[in-house]
Structure formats: C-alpha cells, structure tokens
Amino acid sequence: MYAQFFGSYLLSKNAVTPKQLTEAISHLADSHIKLGTLAMHKGYMTADEVNEVCFLQTREDKHFGKIAVERNYLFEDQLTELLNTQSPDYLLLGQNLVDMGALTNNQLEELLVGYQEENELKYGLSSQEIPDETMQLVNKFFEQTGKPIPKNILIYMNLLFNDLVRFIGFDFTPLTPVFAKSYDTNYCITQQITGFMSMLTAIDMEPEAAVSFASRYAKMDFNKFDEYVKASIEDFINLHNGLFSVNMSNNYSKEADLDPPTHSDDNTLILTDDAFIVPIIYPFGTIYFIVSSPADAESDSADTKEE
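Attention here is on the structure that accompanies the text. (Residues numbered from 1 in each chain as written. Predicted model: local features only at pLDDT ≥ 70, side-chain atom pairs only at ≥ 80, totals over all residues. Heavy atoms only, no water.)

Tallying each qualifying case throughout the model produces 21 aromatic pairs. Seen from their ring centres, Y90 and Y115 are 5.2 Å apart, and the 65° between their planes marks the pair as edge-to-face. Within this pair, whereas Y90 is found in helix 7 (residues 89–100), its partner Y115 is found in helix 8 (residues 105–118), the two being separated by 25 residues in sequence. Ring-pair connections join several aromatic residues into one group, and the members of that group are F5, F141, F142, F161, F172, F179, F276, Y282 and F284. Looking at K147, its charged tip hangs above the ring of F179, at a distance of 4.5 Å from the centre. (Phe/Tyr/Trp six-rings, centres within 6.5 Å; stacked < 30°, edge-to-face > 60°. Helix = DSSP H or I, 4+ residues; strand = E, 2+ residues; numbered from the N terminus. Lys NZ or Arg CZ within 6 Å of the ring centre and 35° of its normal.)

Next comes the structure, spelled out in structure tokens:
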C-alpha cells in the first residue's frame, strides 16, 4: 500500500495534480523499475548523476549500469545489489510521474526523502518485507487530522485499505480524512457494527462510480446502475465489516455483531462529533468511506497483544 499513501503525500505537497497521480498509479502494473531510480532511492547516486547517465545512454549503446560503473557512480557490488533488489511500489509510482513529465528526478529525490523520513520507513525494503509498516502508514495518515484516532478504528481502516487493494484494485489514492457532523449522500450504503464497540460505517459514491466499483468487485461488466450494482456494494461493505469482526475476535478476543447493510434514504447522514470521511480517488471516480463512532469509543486494543 506504499504507493497509495505516497500518492496522498504528493497531493498534500501540491507536487502533482489528482489527474496526473491517477494516470501514474493506473499504470503501475505495466511498469518496471529502472536501475537509476533504484540507485537514487538507495542513496548510491544523486538525481544529477542519474540524469547524466540517462543522457549518455542517448549517445552510447550501453546499459545504464555499465555507464554508471565506468563513471564511478556505482561500484560493481552496488550494481549487483540493485539488480537483485525488490523495490517498494511507491518508488515505481514516482518513476511513472517522472516518465510522464509531472516530476523531475531532482524533485522525486527530494520528495522520496521527505516521505520516508516523515513516515519513518526503512530504506530499500518492500511492504511485503515489513508488514507492520502498513499499520504505521495508516497511523501517520490519520495524524494529518491532528485528532487522535482509537486503535480499533486504525485497525479497521488498515483492513479497509487492504480490502480495497484485494477486491477493487490498487489504483487508488486516499485523501486526508475530514471530520464532520453531517454528510450529504449520493448513493450510500450504511451498516452498524455493535458489540464491544458501536460504530456506524458507510460507503458512498455517485451512481456512475458505483457501476465501475461493482463491476470490479463482482468481476462482471455492469453497464447501468441497477439492483445488481446496489447488491454488490452492499456485499462489499458487509464482507469488509465481517472480516473486521473476525479479525478482532481471533486476534484480540473482541466480539462484534453486524446489522444488515441498508441503503440510506436520507439525503444527509447525521454523524457523531468523532465521525470522519475518507475520500478515495479511483480512475473511475471518488468513493467516500464514512466512520461514525461515539466519542468514548473503546481504544484499549492498543495495549492488547495479538495472540
């Protein structure tokens, strides 16, 4: 999930536009990391050195690594290491933005350093190698709001981002959460979670976005906003909340129950003081995930050890 949060970081810094970011992230699956981007990320080469070697490649019929070694920008052992490195996906996102002309290598170099330092990421490792860091990223993501979030809610949102990757697609960017006491809906499905904590959850989107969202989830080509689309979105939120319930029961001995998901007939959702809305940009449109919980929501799972 590094690419999704790096995208949010770039937007917060006004480094790229939402349109540029959406285009770059939608091509991640078709892109391959370049040696120069890896070398810059590891600190073996500067952006200016990478630019120089790329320029020399237009004049010489040689691989990037060979020119870099000849220019003493890389040692042979560093080159071997880079060729065997598993790169984090946010690095590939940055490279795509450079290839598109949205960023320069010098800008990317500076942004990578800021992103890694701000999120306390370990250099050169992928999210598969440090799974705990995804939870850390979610925590840092919500710190932007300046308002403390209970650990149970952070666990819930971490699972949501993973479920979006798993069931809908990785080509999204979450925007900074917004706290609100009410929300004007488009097509909105709500579901109440009860038990060890009481929490209203909701997913909302325009009908056009709902058709694409449901098509991805159901792995079918829906072409109109109908009952099948509505049922698919209900099934997604019910599945996600069910997985959260099972996770809390298995790992923390916390029992939760789910009310049936329902379509909100009201044009406005009235929320609690601690409710927040997370806009999530996909190429097909923006979806909004709403979580409304009491101000005294239980947060002791922060000190609960996973069994």
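Using the criterion set out here, one finds one cavity of 30 Å³ or more in the structure. For the largest cavity, the calculated volume is near 70 Å³. Broken down by class, the residue content of the lining of the largest cavity amounts to seven nonpolar, one polar and two charged. (1 Å grid on protein atoms, 1.4 Å probe; cavity = no way out; pocket = protein on both sides within 12 Å on 5 of 7 lines; lining within 4 Å. Points joined across faces, edges and corners; volume = space filled by probe spheres on them. Nonpolar A, V, L, I, M, F, W, Y, C, P; charged D, E, K, R; others polar.)

Moving on to the environment of Y115. A relative accessible area of 1% places Y115 in the buried class. Along the sequence, Y115 and F213 sit 98 residues apart, while their C-alpha atoms lie 29 Å from each other. If we skip the residues at most four places from it in the chain, Y115 touches Y2, F5, F6, Y9, Y90, L121 and L137. (Buried < 20%, exposed > 50% of the residue type's maximum accessible area, 1.4 Å probe, protein only. Contact = heavy atoms within 4.5 Å.)

Moving on, we get to the nonpolar core. Across soluble globular proteins, you tend to see nonpolar side chains buried next to one another. Counting 91 residues, the largest nonpolar core has M157, L164, I203, F213, F236 and F244 as the members making the most contacts within it. In this structure L164 touches G169, F172, F213, F236, I280, Y282 and I287, once residues within four positions along its chain are discounted. (Core = buried A, V, L, I, M, F, W, Y, C linked by side-chain atoms within 4.5 Å.)

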